[in-house]
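Descriptive analysis of the structure
Listed below, chain by chain, are the residues.
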Amino acid sequence: MPPKIPTRTDAYVACACGGTMGISTVEPVPDEPMIMRHTYVCLDCGKMAEFKVAKKGR
């Protein structure tokens, strides 16, 4: 079962529907230089979720 909250290396997370979300985009957060925004999309229901994840070494 994938984690509910990703670390910087997780390509998949659990969705509330019971399905699996796959990572779709990774982008910087302009006002937080040591954070990246990871966006996931559920492979089953299509729901999207965003998580802020610390960059490598933080």
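Everything that follows concerns the structure shown earlier in this document.
Quantities reported herein were computed from a predicted structural model and do not represent experimental measurements. Throughout this document, residue positions are counted from 1 along each chain, in the order its sequence is written. For a predicted model such as this one, the threshold for reporting local features is a pLDDT of at least 70, and the threshold for listing and counting side-chain atom pairs is 80 or more; totals across whole chains, interfaces and linings nevertheless cover every residue. Side-chain numbers come from the whole structure's heavy atoms, not from hydrogens or water.

1. Digging into the pairing of strand β2 (residues 20-29)
Convention followed: Two strands pair if DSSP finds at least two bridges between them. Secondary structure elements follow DSSP: runs of H or I no shorter than four residues count as helices, runs of E no shorter than two count as strands, and numbering proceeds from the N terminus.
Strand direction decides the pairing type here: strand β1 (residues 12-14) and β2, joined by three bridges, are antiparallel. Each bridged residue has a counterpart across the sheet, and for Y12 the counterpart in β2 is G22. Relative to strand β3 (residues 32-42), β2 runs antiparallel, the two being bridged by eight bridges. Note on β3: the bridge partner recorded for V26 is H38. Where β2 folds back on β3, the antiparallel hairpin that results is connected by two residues.

2. Remarks on the environment of M1
Residue placement: M1 occurs in the segment before β1. For M1 and V29, which are 28 residues apart along the polypeptide, the C-alpha to C-alpha distance reads 28 Å.

3. Points about the nonpolar core
What counts, and what does not: In this description, a nonpolar core means a group of buried Ala, Val, Leu, Ile, Met, Phe, Trp, Tyr and Cys residues linked to one another through side-chain atoms lying within 4.5 Å. Residue exposure (1.4 Å probe, protein chains only): buried if accessible area is under 20% of the type maximum, exposed if over 50%, otherwise partly exposed. Throughout, a contact is declared for two residues whenever any of their heavy atoms are within 4.5 Å.
If you look at the biggest cluster of nonpolar residues, it comprises eight residues: V13, C15, M21, Y40, C42, A49, F51 and V53. Contributions of two or more residues to this core are made by β3 and β4 (48-54). No other element matches the three residues that β4 contributes to this core. When neighbours within four sequence positions are excluded, M21 is seen to be in contact with A11, Y12, V13, A14, C15, Y40, V41, C42, L43, K47, M48 and A49.

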